[in-house]
Amino acid sequence: MKCQILSQVGKLHRCLVKPDTLELTEQCKEETGLTLDELIKAEPLDKVLQQFQQSVSSEVKCLGRNTCTLCVINPLVIRQALHPEASKKNLVLPECFFSFVDVRKEFQKCCPNAGPVQKLTLTSMLEYVGLPAVSEELTGVREVRSMVQSVLCILAEPYNHKFTGVETVKYKFESGTCSKTEPVDSETVIRARGLPWQSSDQDIARFFKGLNIAKGGVALCLNAQGRRNGEALVRFVNSEHRDLALERHKHHMGSRYIEVYKATGEEFLKIAGGTSNEVAQFLSKENQVIIRMRGLPFTATPQEVLSFLGPDSPVTDGAEGLLFVKYPDGRPTGDAFVLFSCEEYAQNALKKHKQILGKRYIELFRSTAAEVQQVLNRYMSTPLISTLPPSPIMPVPVLATPPFLPSASSSRDCVRLRGLPYTAGIEDILEFMGDHTVDIKPHGVHMVLNQQGRPSGDAFIQMKSPDKAFMVAQKCHKKTMKDRYVEVFQCSTEEMSIVLMGGTLNRSGLSPPPCKLPCLSPPTAYAAFPTPPAILSEAALYQPPLLAAPRPPQTTTHSPHTLAYYPPQPHLYMNMNMNYTAYYPSPPVSPSTVGYFAAPPGAVAAAVAAQPHPHPHPHPATAAPVLSQPGALVRMQGLPYNTGVKDILSFFQGYQYAPDEYSSMVQMSEQARSLIQPKEWLCL
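Quick notes on the rules
- Residues numbered from 1 in each chain as written.
- Predicted model: local features only at pLDDT ≥ 70, side-chain atom pairs only at ≥ 80, totals over all residues.
- Heavy atoms only, no water.
- Helix = DSSP H or I, 4+ residues; strand = E, 2+ residues; numbered from the N terminus.
- Buried < 20%, exposed > 50% of the residue type's maximum accessible area, 1.4 Å probe, protein only.
- Contact = heavy atoms within 4.5 Å.
- Phe/Tyr/Trp six-rings, centres within 6.5 Å; stacked < 30°, edge-to-face > 60°.
- Salt bridge = Lys/Arg side-chain N within 4 Å of Asp/Glu carboxyl O.
- Pairing = 2+ DSSP bridges.
- Axes fitted to C-alpha atoms, helices over the stretch in contact; angles between N-to-C directions.
- Core = buried A, V, L, I, M, F, W, Y, C linked by side-chain atoms within 4.5 Å.
- Arc of directions from axis to C-beta.
- Polar contact = N/O pair within 3.5 Å; in protein donor to acceptor, adjacent residues only side chain to side chain.

A. Seen up close, the overall build of the protein chain. The number of helices and strands found in the protein chain is 22 helices and 30 strands. A buried classification covers 42% of the 684 residues belonging to the protein chain. Here the analysis covers contacts within the protein chain between residues at least 6 apart in sequence; of these, 73% occur between residues at least 24 apart.

Below is the structure:
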């Protein structure tokens, strides 16, 4: 670099900057001529910058001027080297490093026939204007002298060129809003992945220091639970800066490396764009620090929030600096955004993280304008937990199966992932699977959620064949994902369906979803089932909240080809729709409000139906709603070793049986203790 004023050349100063690691490759020694002793004696970057500033300032004052403009042969020196390194070391660069002139671009304006800017070199420029190449051995000095000759040549006759293309580097990132109708060039947007969850838009702008980000051009992405997922979309002022940003792929932010990929303008608008006038008015105040508050009591008022923040962190414009996030029907979500006029006030507010307001602790985080838009869009548009359209009120057979689950099959063409990080998403699972992702069925990744709608750490994946599932279980078992090892087991589609319906799948086997209501009556009778056994093994669905008490016995007429129904009652069939959370590309999974009852095996049902009844026409007052003859075997698995008959009867409370069957149960239970394996009992 060289200071050039009024066509006069200043003094030449050569300063070496000590690198972080004192290592020189053979190629570096050959191209630069540097030695290890020179690097050891070199000054650190902050001292070299101080010397440069003092030298330039003294020469500028001697010439009666106050400012100067740097001339560089390549903007990468400023944008990709000096500014990122100074930001990494928390150094404040002199003002002269925030504006510069690219000599190649100016030379191309003066001499359009010299060739494209990308192909111009100092040697080719000197050759074009008829000047000899500079003979200098020291690297750096040779380039500066060549650049000075080129500049002086185009400033003089016959070119008389005036330097007009001064490029600038923004001092800081400017926050702002973005409308969904605003055009965004896809050639200016990138996606950054692997960000620390606590990083803010200022941290991301600092990572891309030296490149100019558009106003409000940082959009932090949120996951399905409304939390940051470690990704952000960044919009730059032009495609040139976007291309330079892509070169920072896998550069480090602290101890984490950041992945940088191309993105589209549609993706940016989906995250950062907004249409709410309330949000636009809230974000219209520029140069404000935004803090997000989460976990507020639903009854919290603006005055209570202002009192919670206290006088050390005054909110901009008082209550007008608060934005409460609400559902479309006006109910509060417990989230709010707060504006502060300076960093000091925001820091004081962040000190109240997890302090108590009312009876709840409040979380406080740095936020961005794009996050405000994204959170408001999420809550004001389609709700996260959607509801299926109402179904007509009609009797439901016990063999009903939800349409969104795959058909039950004993083929072991699925794998279960257990121990996933709670922040893991579909893309993390696909990356974890590696080369085996090509063997996954379309829409075959199913995330299992708990009753609160949050990730449970489990997932099921449908493979194209049992052999593929076996290979995945062998290759991926106990591989790590985000510092956690994940267990991978082979299973069947039927087992996967049961778990997705709310049941459990342990190493010891399957168990249906737990029934929290002890007094449940089974269907009146099992008649002959005309359907094949494969269909009979499917699950019957009931709503547990609607079966809170046993129903009275219903008199039914048995026919050899009828299914057992509950009679149509309004309280039974109301609200039969299931709530679910949709995770693309998976179909709806993990309904938390559905119960499970296994249908009897076809062979057992047929045998029971074939047995004669001792009372073909019982009196209605004494008729039992179950088969009067014992013969339906029920297998109970996972019982404690000290389980007794009373425990079993208590477990089946609400299920009716004939009085003379009690002794048979006791005798059979005592015999079963000595005949079968531990933890498996057979009861009549």
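B. A look at the packing of aromatic side chains. Taken as a whole and judged by the stated rule, the model has six aromatic pairs. Ring plane angle 75° and centroid distance 6.0 Å describe the contact between W197 and F365, whose orientation is recorded as edge-to-face. On the criterion of sequence distance, the pair formed by W197 in the loop between β7 (189–193) and α8 (201–207) and F365 in strand β17 (residues 360–366) is long-range, its members being 168 residues apart. With a relative accessible area of 55%, W197 lands in the exposed category. What makes F365 buried here is its relative accessible area of 14%. Among the aromatic residues, those joined into a ring-pair cluster are F207, F208 and F236.

C. Representation of the pattern of salt bridges in the model. The final tally for this structure, using the stated rule, is 29 salt bridges. Residues R191 and E231 are paired through a salt bridge, measuring 2.7 Å at the closest nitrogen-oxygen approach. Of the two residues, R191 sits in strand β7 while E231 sits in strand β9 (residues 228–236), which places them 40 residues apart along the sequence. For R191, a relative accessible area of 17% gives the class buried. A residue is classified by how much of its surface remains accessible, and E231, at 11% relative accessible area, is buried. Between R193 and E231 there is a salt bridge, with the nearest N and O atoms lying 3.1 Å from each other. Remark: E231 occurs in strand β9 and R193 occurs in strand β7; sequence separation between them is 38 residues. Where salt bridges share partners, they join R191, R193, E231, E267 and E427 into one cluster.

D. Here's a closer look at the sheet that holds strand β13 (residues 289–294). The strand order across the open sheet built from five strands is β14-β15-β13-β17-β16, with neighbouring strands paired in antiparallel fashion. Only two strands of the sheet have a single partner each, and these edge strands are β14 (322–326) and β16 (355–357). Ignoring strand direction, the axes of neighbouring strands in this sheet form an average angle of 35°. Bridging between β14 and strand β15 (residues 332–340) involves four bridges; their strand directions are antiparallel. Each bridged residue has a counterpart across the sheet, and for K326 the counterpart in β15 is P332.

E. The arrangement of the nonpolar core in detail. Among the nonpolar cores identified, the biggest contains 21 residues, and L417, I429, I461 and V488 are the most heavily contacted of them. Here I461 is in contact with D413, C414, V415, L417, I429, M433, I440 and G444, once residues within four sequence places are set aside. Within the second largest apolar cluster, 20 residues are counted, among which are L211, V234, I258 and V260.

F. Spotlight on helix α9 (residues 239–246). Every buried residue belonging to α9 is among H241, R242, L244 and A245, and all of these are buried. Projection of α9 onto a plane perpendicular to its axis shows the buried side chains occupying an angular sector of 160°, all on one side. Residues of α9 that are buried sit in contact with α4 (76–88), β7, β9 and β11 (256–262). Regarding α9, its N-cap is N238, as a side-chain oxygen of that residue lies 3.2 Å from the backbone nitrogen of E240 further along.

G. Local environment of the environment of P455. By the secondary structure assignment, P455 is in strand β21 (residues 455–463). P455 gets classed as buried once you look at its relative accessible area, which sits at 14%. As a C-alpha pair, P455 and G425 span 30 residues in sequence and 9.3 Å in three-dimensional space.

H. Examining the sheet that holds β11 more closely. One open sheet holds the five strands; their spatial order is β8-β9-β7-β11-β10, and the pairing between them is antiparallel. A single partner strand is all that each edge strand has here, and the edge strands are β8 (213–222) and β10 (251–253). This sheet shows a mean twist of 35° between the axes of neighbouring strands, independent of strand direction. In terms of strand pairing, β7 meets β11 through four bridges, oriented antiparallel. Across the sheet, the residue bridging to R191 is Y261, located in β11. Lying over the sheet, α9 contacts β7, β9 and β11, oriented at roughly 140° with respect to β11.

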